[in-house]
Structures are given as C-alpha cells and as structure tokens.
Amino acid sequence: MIAVLRVLALTVVLFVCYAVAGAVVGLQGNSGTSEPAESGALALLVVCFLEAVVMAYVILRSRWAGWRLIGAVFFIFYGVTTFMPQIESAVFLTRLPAGMLPRLFLMGAVIAAPFSVLAVLILGKRKPEIIDVQVNPRLVMTRSEWAWKLAVIALVYLILYFTFGYFIAWRNPAVREYYRGIDPGSFAAQMGSVLRDTPWLIPFQVLRAMCWVALSLPVIRMMKGRWPETALSIGLLFAVVMNAQLLLPNPYMPEPVRMVHLAETASSNFIFGVFVGWLLTARDTFGRVAIGAADASVWR
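Residues numbered from 1 in each chain as written. Predicted model: local features only at pLDDT ≥ 70, side-chain atom pairs only at ≥ 80, totals over all residues. Heavy atoms only, no water.

Student: Can you help me understand the overall build of the protein chain in this one?
Tutor: What the protein chain contains, in helices and strands, is ten helices and two strands. Taken from the N to the C terminus, the helices and strands of the protein chain come in the order α-α-α-α-α-α-α-α-α-α-β-β. Looking at the protein chain as a whole, 46% of its 300 residues qualify as buried. Long-range pairs, those at least 24 residues apart, make up 81% of the contacts in the protein chain with a sequence separation of at least 6. Carbon together with sulfur atoms contributes 69% to the accessible area of the protein chain, which is approximately 14,500 Å² in total. (Helix = DSSP H or I, 4+ residues; strand = E, 2+ residues; numbered from the N terminus. Buried < 20%, exposed > 50% of the residue type's maximum accessible area, 1.4 Å probe, protein only. Contact = heavy atoms within 4.5 Å. Areas by Shrake-Rupley, 256 points an atom, 1.4 Å probe, with all protein chains shown as cover.)

Student: I tried to follow helix 3 (residues 66-92) on my own but got confused; where do I start?
Tutor: For an α-helix the count is 3.6 residues per turn, leaving residues at separations of three or four pointing the same way. Helix length check: helix 3 (27 residues) gives 38 Å between terminal C-alpha atoms against 39 Å at 1.5 Å per residue, within 8%. At G79, helix 3 shows its maximal bend, which comes to roughly 50 degrees. (Expected span 1.5 Å × (residues − 1). Bend = angle between axes of the 7 residues up to and from the residue.)

Student: Which parts of the structure should I look at to understand the nonpolar core?
Tutor: For soluble globular proteins, the rule of thumb is that nonpolar side chains tend to be buried together. Judged by nonpolar contacts, the single largest core of 83 residues is most densely connected at F115, W212, L237 and F272. Leaving out residues up to four positions away in the same chain, F272 has contacts with I153, V156, Y157, L160, A209, W212 and F238. (Core = buried A, V, L, I, M, F, W, Y, C linked by side-chain atoms within 4.5 Å.)

Student: Help me out: how do you make sense of the pattern of salt bridges in this one?
Tutor: Proximity of charged atoms lets side chains of opposite charge pair with each other. Evaluation of the coordinates by the stated rule reveals four salt bridges. Ionic pairing is found between E229 and R61, a salt bridge with its closest N-O pair at 2.6 Å. Here the residue E229 occupies a position in helix 9 (residues 227-243), and R61 occupies one in the loop between helix 2 (37-60) and helix 3, the gap between them amounting to 168 residues. Taking relative accessible area as the criterion, E229 reaches 18% and is therefore assigned buried. Here R208 makes a salt bridge to E88, at a shortest N to O gap of 3.5 Å. In this pair, R208 is assigned in helix 8 (residues 201-222) and E88 in helix 3, connecting sequence segments 120 residues apart. Its relative accessible area of 17% is what places E88 among the buried residues. (Salt bridge = Lys/Arg side-chain N within 4 Å of Asp/Glu carboxyl O.)

Student: Can you help me understand the environment of L236 in this one?
Tutor: Among the secondary structure elements, L236 is positioned in helix 9. With 185 residues separating them in the primary sequence, L236 and E51 have C-alpha atoms 9.5 Å apart. Among residues more than four places away in sequence, those in contact with L236 are V54, V241 and F270.

Student: I would appreciate a short explanation of the confidence of the model for the protein chain in the present structure.
Tutor: Low-pLDDT stretches of the model should not have their predicted coordinates read in fine detail. The predicted model of the protein chain averages 88 in pLDDT, with 88% of residues at 70 or higher. Confidence drops under a pLDDT of 50 for residues 30-34, and excluding neighbours within four residues, the segment shows nine contacts in the predicted structure. Note on residues 285-300: pLDDT under 50 across the span, and 40 contacts to partners over four residues away in sequence or across chains. (pLDDT = per-residue confidence, 0-100.)

Student: Looking at this structure, I do not really get the packing of aromatic side chains. What am I missing?
Tutor: Each aromatic ring pair is characterised by the separation of its centres together with the angle its planes make. For the structure shown, the criterion picks out 14 aromatic pairs. Seen in terms of ring centroids, F74 and Y78 are 5.7 Å apart; in terms of plane orientation they differ by 5 degrees. Their pairing is stacked. Here the residue F74 and the residue Y78 both occupy positions in helix 3, the gap between them amounting to four residues, near one helical turn. Note on F74: relative accessible area 31%, which makes it partly exposed. Owing to a relative accessible area of 18%, Y78 belongs among the buried residues under this scheme. Taken together, the ring pairs in this structure connect Y157, Y161, F162, W212, F238 and F272 into an aromatic cluster. (Phe/Tyr/Trp six-rings, centres within 6.5 Å; stacked < 30°, edge-to-face > 60°.)

Student: Looking at this structure, I do not really get the packing of helix 5 (residues 143-170) against helix 8. What am I missing?
Tutor: Each pair of packed helices can be summarised by the angle the axes make with each other and by the distance between the axes. Where helix 5 meets helix 8, the axes come as close as 9 Å, and the angle between the chain directions of the two elements is 120 degrees. Taken together, helix 5 and helix 8 sit at an angle that is classed as oblique. For the pair helix 5 and helix 8, the sense of crossing is right-handed. Along the contact surface, helix 5 presents W146, L150, I153, A154, Y157, L158, Y161 and F162, while helix 8 presents L201, I202, Q205, V206, R208, A209, M210, W212, V213 and L217. Across the contact of helix 5 with helix 8, the residue classes tally to 16 nonpolar, one polar and one charged. (Axes fitted to C-alpha atoms, helices over the stretch in contact; angles between N-to-C directions. Parallel < 35°, antiparallel > 145°, perpendicular 65-115°, else oblique. Left-handed = near helix turned anticlockwise from the far one by under 90°. Nonpolar A, V, L, I, M, F, W, Y, C, P; charged D, E, K, R; others polar.)

What follows is the structure, given as structure tokens:
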C-alpha cells in the first residue's frame, strides 16, 4: 500500500510538472483541438500514471541513491520523453510553428528537473540502503566487444525501425496522407526509395540507435537483479515512457496518425530495449553480499 500511495503521489507530481511547464513555456491550453478540457486533463493523468509507474520501478530497483540517482533519473527521463522524440520531430514534422521546437525541448527540461528530485525523495532513495562494496561488472567489456555489440545494436535498430515503420505505419492511408507520401507496393521498393531519395535517413537512425544505447547505460549500471529484469525495464522505458505522450491531443498530428505511430513505436521500441538490455548485460555475474548493522543481504 505504501508503494502504491507513493506511485500515486508521483503521478500527481508529474501532472503538476506538466501543467507548470506548459505555462512557463507558453504551451498550456494550446491544444488546438476540439477536445474538451476534461478529456485532455484525463489523458494527461493517464500519461503521468504510466510514466510514473515505470520510472518508480526503475528508481526503487536502483542500487544508486541521492544526487547520483537524481542525475541519472533526469538524464533518462529527459532523454526518453523529450530528446529522442523531438529530434525526430525536427526531421519529420515540418508543420511546427517557428520557435515551437526549442520550447518543446525547454518544456521537457522544466518537467524533468523537479520530477527527478521529487521522485527520488518520494520513493525514499535519498540514501543507499546498503554500502556497496562489490565491483560492478556490468558494461565492463573490451573495445572489440563494445565495437561488435554496438554494430549489432545499430543493425537491429535499423531492421526494427524500417520494418515496423513500413508494415505498421506507412501502409496506413492516414499516415501516408499526413506525410504526403505513397506506398510503392513492397518493403523492398520502399527501402529503394529511402536509399534513393533520403540516403541520410540511415546514418541518422544509426545515430539515434547510439543515443538509445547511451540512455540505457545508467539503467544497466544501476539496476539490481539479473539481466531479464534490467532488459524488461529498458524495454518499458523505451516503449511506455517515450510513447505515452502520443495519447495526448495534438494539434499537429491527427489522432489516427498518433494511434498508428503509438502501435508502431511502442512495439518496436519495446523489442529493441529488451534486446539492448540482453546484449549488454546477459553475461553479468552479480553476487550476493551480506553487510551492514543488520547483516542485510541483497542480490546485486
């Protein structure tokens, strides 16, 4: 019950952060849609609850505490909810008004900063539960191992991005109409048009794959438990925390397009996040440590 109440409190905190940030950067109430205010508020509450649940789990299962954990939470939350989606918006959403994109980046920071501090405090992670005396073996790899794993991650991301993008999103008429595109009739033909018309898109997505890896590193490093728990946490961060905001009314993207993108990116990002977590942590060998006045034991 205490954990549930803390998550609910975190949901309210996040809701207030969104409202205050929207007012600060001048985006509050600028939905541009016919949605009633109550409907928009309810959608935002659902988004805040989904994000709070996933972030609370990651924080509670963290081996870190205090300012170190606050910094990690800010980096992860801002990166997943703002940086990653908005760098793609900068490329594909050409209908945004002038000055909108910088305000979206600023709004994300205004939300993430207080949320990171209050989340750690509300969830009782101001101080570490135990003294960490064990060397953390996670992410300790040779340069050659890093090189081939990053290459595999980039390849897997490209496969997921383009296959899910074509078969789930691009074959939907509403999506093609929104982006003013056509379906060439097959995945091979679509990839041919990408290579011919937008060859920069592949290296851009490789760069995004590396950004995703960067966001996963603190999660891998700080999480307790074995690799399946870490991999699942990364999958949920990439799928839920990033994409929950697609549930909100958006004047620049119609609801049918948003829902298709939600299905596309949530599914592909979840698979990708679990894969990254598995590949980078599958061989970890955390041991059991007993330490402290009460001789507490914990699986690291």
